[in-house]
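Descriptive analysis of the structure
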Number of protein chains: 2
Amino acid sequence: MSSSRKKLFPLVSADVALFSIERERLRVLLVQRANVPEQGRWALPGGVLKPDVDASLEDTARRILREKIRVEAPYLAQVATYGGPDRDPRGWSVSVLFYALLPLDQVPAIAGSKTEAVDWRDAARPGPALAFDHAQHVAAALAKLRDKVERHALPLHLLPPKFTLTQLQRTVEAILGREVEKSAFRRRLKGDATLEEVPGEFERGVQRPAQLYRASEGFVFEA
Amino acid sequence: MSSSRKKLFPLVSADVALFSIERERLRVLLVQRANVPEQGRWALPGGVLKPDVDASLEDTARRILREKIRVEAPYLAQVATYGGPDRDPRGWSVSVLFYALLPLDQVPAIAGSKTEAVDWRDAARPGPALAFDHAQHVAAALAKLRDKVERHALPLHLLPPKFTLTQLQRTVEAILGREVEKSAFRRRLKGDATLEEVPGEFERGVQRPAQLYRASEGFVFEA
DNA sequence: GCAATAGTGTCTATTAGACAATATGGG
DNA sequence: CCCATATTGTCTAATAGACACTATTGC
């Protein structure tokens, strides 16, 4: 059966680039593969589509995150789909790539049973020698995320429920890989219905208190 | 085998929304399905991935166009991938959607052997009751194309090798579904390296002759 | 000359970038 | 008061939209 499968049907799987912010840097989660092929190498969390349990490709991606990272995905977006005979030594394979956004503290440090270990890497330089074509995948996912944020979508899924405008700005900067102008940035936010003040709540420090904000009812991460 | 396939492996196929300009309108090509399922209904040209002959998903799409429409695809872009148990009565299916751009006169009027007939439909209203989820596919492909053109990519693949700025403007308007300002449009083109004059060549009519332009060396349809 | 469309210019409203000024709590 | 950062304001340059004007050919 295995050899006939190889000839007739491609292997379909989903991979997920899970992004998070760590110390004002954009990070992507890699897992060390527990099994062949590419055993021991670092890769995006991914897994084979199960027609009997998955109701959609996004479902597959959510299940992968649940099984390998033990996390419930909040926001998923499709990036692209890659296919070819040489991507995976097991034969013709199709991989549907997603990215996900999540605050760091919601991701458990311990990997799921199917994974050796997990590691957060700099999203712009996830390191050399990733498994399969996953270096390309990370680059594509980052480009897609950047594109959306360049178009003024607010990446609130990466932030805690309440946050200051400066935190939001630092997050945007981490994604874009460049600084943005404070005054112009805030000017834009003024007319943005996806953001609302939390009345009377402030972040305090050794300076003027900063107003806390939250996502408005029905917020979606769209440009 | 068929029932075990149904349970274990999804059916993977590629669908293509082929866009063209007809009388200054953006059109999409539909084919009437010759076989079950959905026999006789109108759908995007599509077909099953063949691991033994296709070297990539884009290759699959090109082969589909060759077989069903008898046309060599010039430009293909991936739109998205759809998957689920109910899209196709044959079971869990995955469909990778592309769009293609081509001048009308390069598409033969007669369909390939695997197709009953072909028809050009208004891209924004391809008609009711398309097969499968292809109405959604057309909408998604159009949105992707519009997005790119909104971002000032020039859809030169839809035009003949030599064209006037007015023809280009009409094409952009057909895609966007709205008029654009002539003066602002031309102002933008001035600084666009993807476009160059054809020295001394003009389109003549009952008015001032119009300079002909062509795509620059190495043009790619990107924003 | 006239019709018809090509091609250019001008004015204004809006927006983005740079930078400065003010505000406020903790110590 | 002073520090550090929040928050707001101002000036300017660049851009887009609206609209008008000029150019050139066929008839």
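For every chain, the first residue of its written sequence is number 1, and the numbers climb from 1 along that sequence. Lettering of chains starts at A and numbering of ligands starts at 1, both following the order in which they are written. Residue-level local features of this predicted model are given only where pLDDT is at least 70; pairs of side-chain atoms are given and counted only at 80 or more, and the full residue set underlies all totals for whole chains, interfaces and linings. Neither water nor hydrogens contribute to the side-chain values; these are computed over all heavy atoms in the structure.

**Re the domain arrangement of chain A**
Residue and element names in this part refer to chain A.
- These domain boundaries are the output of an automatic or database domain assignment. Domain assignment breaks chain A into domain 1 (2-150) and domain 2 (156-215).
- Defined in terms of a 1.4 Å probe, buried area is the accessible area two parts forfeit on being brought together, summed over both. Buried surface at the junction of domain 1 and domain 2, both sides included, amounts to about 1100 Å², of which 69% is carbon and sulfur.
- Any carboxyl oxygen of Asp or Glu within 4 Å of a side-chain nitrogen of Lys or Arg constitutes a salt bridge here. Seen at the junction of domain 1 and domain 2, the total is one salt bridge.
- Think of a polar contact as two N or O atoms within 3.5 Å of one another; within protein, one of them needs to be a possible hydrogen donor and the other a possible acceptor, and neighboring residues in sequence only count if both atoms come from side chains. At the boundary of domain 1 with domain 2, the tally comes to two residue pairs in polar contact (both at pLDDT 80 or more).
- Put simply, DSSP marks the helices as runs of H or I at least four residues long and the strands as runs of E at least two long, and each gets a number from the N terminus on. For the side of domain 1 that touches domain 2, the elements supplying multiple residues, two or more each, are β1 (11-22), β2 (25-33) and α3 (134-150).
- Per-element accounting of the side of domain 1 that touches domain 2 gives the leading share, five residues, to α3.
- Classes in brief: Ala, Val, Leu, Ile, Met, Phe, Trp, Tyr, Cys and Pro nonpolar; Asp, Glu, Lys and Arg charged; the others, Gly included, polar. Across the side of domain 1 that touches domain 2, the residue classes break down as 10 nonpolar, one polar and four charged.

**Some thoughts on the relation of the copies chain B and chain A**
- Copies are brought into register by a least-squares superposition over C-alpha atoms of residues with pLDDT of at least 70 in both. Superposition record for chain B on chain A: RMSD 0.0 Å, screw rotation 180 degrees, translation along axis 0.0 Å. Expressed as a symmetry operation, the mapping of one chain copy onto the other fits a two-fold axis.

**What about helix α4 (residues 165-176) of chain B?**
Residues and elements named next belong to chain B.
- Look at α4: 16 Å from first C-alpha to last across 12 residues, which is about the 16 Å you get at 1.5 Å a residue.
- Accessible area is worked out with a 1.4 Å probe on protein chains only. A residue is then buried under 20% of its type maximum, exposed over 50%, and partly exposed in between. Counting buried positions along α4 yields nine of 12 residues, so the element is predominantly enclosed.
- Of all the positions in α4, only Leu-165, Leu-168, Gln-169, Thr-171, Val-172, Glu-173, Ala-174, Ile-175 and Leu-176 are classed as buried.
- Of the residues trailing α4, Gly-177 is marked for its positive phi of about 75 degrees. Helix span, expected: 1.5 Å multiplied by one less than the number of residues in the helix.

**Here we look at the layout of surface pockets**
- In this analysis the probe radius is 1.4 Å and the grid spacing 1 Å, with only protein atoms considered; a cavity is a set of points the probe fits into but cannot get out of, a pocket is an open set with protein on both sides within 12 Å along at least five of seven lines, and lining residues have an atom within 4 Å of a point. Grid points are joined across faces, edges and corners, and a volume is the space filled by probe spheres set on the points. Put simply, the largest pocket is a space of about 1500 Å³.
- Forming the walls of the largest pocket are 43 residues, and the residues nearest its centre are Val-79 and Lys-144 of chain A together with Gln-78, Val-79 and Lys-144 of chain B.
- A breakdown of the residues in the lining of the largest pocket according to their chemical character gives 24 nonpolar, seven polar and 12 charged.

**What to know about helix α3 (residues 134-150) of chain B**
All names here are of chain B.
- Given a rise of 1.5 Å per residue, 17 residues ought to cover 24 Å, and the 24 Å separating the end C-alpha atoms of α3 matches this to within 8%.
- Note on contacts: a residue pair qualifies if any of its non-hydrogen atoms lie within 4.5 Å across the two residues. Contacts from the buried residues of α3 go to β1 (11-22), β2 (25-33), β3 (42-43), β5 (75-88), β6 (91-101) and α4.
- Where α3 terminates, the next one or two residues include His-152, which has phi positive at roughly 80 degrees.

**Notes on the protein's contact with DNA strand C**
- In the vicinity of DNA strand C there are 21 residues, among which Val-206 and Arg-208 of chain A together with Lys-182, Ser-183 and Gln-211 of chain B approach most closely.
- Throughout, the term near means that a residue has one or more heavy atoms lying within 4 Å of the molecule or strand in question. Restricting the count to atoms of DNA strand C within 4 Å of the protein gives a sugar and phosphate share of 51%.
- One nitrogen or oxygen atom from the main chain of Gln-211 of chain B is found 2.8 Å from a phosphate oxygen belonging to DNA strand C.
- Counting residues per element, the surface near DNA strand C draws most heavily on helix α5 (residues 182-190) of chain B, at five residues.
- Taken together, the residues of the surface near DNA strand C break down into five nonpolar, seven polar and nine charged.

**As for unusual backbone geometry**
- That bond from Val-36 of chain A to Pro-37 of chain A is cis: its omega, -5 degrees, falls within 30 degrees of zero.
- In the Ramachandran plot, Arg-70 of chain A falls in the positive-phi region, its phi being about 60 degrees despite a non-glycine side chain.

**Here we look at the side chain of Thr-171 of chain B**
Residue and element names in this part refer to chain B.
- Locating Thr-171 in the fold gives a position in helix α4.
- Residue Thr-171 is classed as buried on the basis of its relative accessible area of 4%.
- Within the local environment of Thr-171, its side chain forms a polar contact with the backbone oxygen of Gln-167, the two atoms lying 2.9 Å apart.
- Setting aside chain neighbours within four positions, we find Thr-171 in contact with Ile-21, Pro-155, Leu-158 and Leu-159.

**Observations regarding the packing of aromatic side chains**
- Aromatic contacts are taken between Phe, Tyr and Trp rings whose centres are within 6.5 Å, Trp giving its six-membered ring; a plane angle under 30 degrees counts as stacked, one over 60 as edge-to-face, and the others as tilted. Overall, the coordinates contain seven aromatic pairs over all chains when judged by the stated rule.
- Ring plane angle 55 degrees and centroid distance 6.0 Å describe the contact between Phe-19 of chain B and Tyr-99 of chain B, whose orientation is recorded as tilted. Separated by 80 residues along the polypeptide, Phe-19 of chain B in strand β1 and Tyr-99 of chain B in strand β6 bring together distant segments of the chain.
- Of the residues examined, Phe-19 of chain B reaches a relative accessible area of 0% and is grouped as buried.
- By way of ring pairs, the aromatic residues Phe-19, Tyr-75, Tyr-99 and Phe-221 of chain A are connected into one cluster.
- By the criterion adopted, a ring carries a charge over it if an Arg CZ or a Lys NZ lies within 6 Å of its centre and within 35 degrees of its normal. Sitting above the plane of the Trp-42 of chain A ring, Arg-121 of chain A keeps its charged end 5.1 Å from the centroid.

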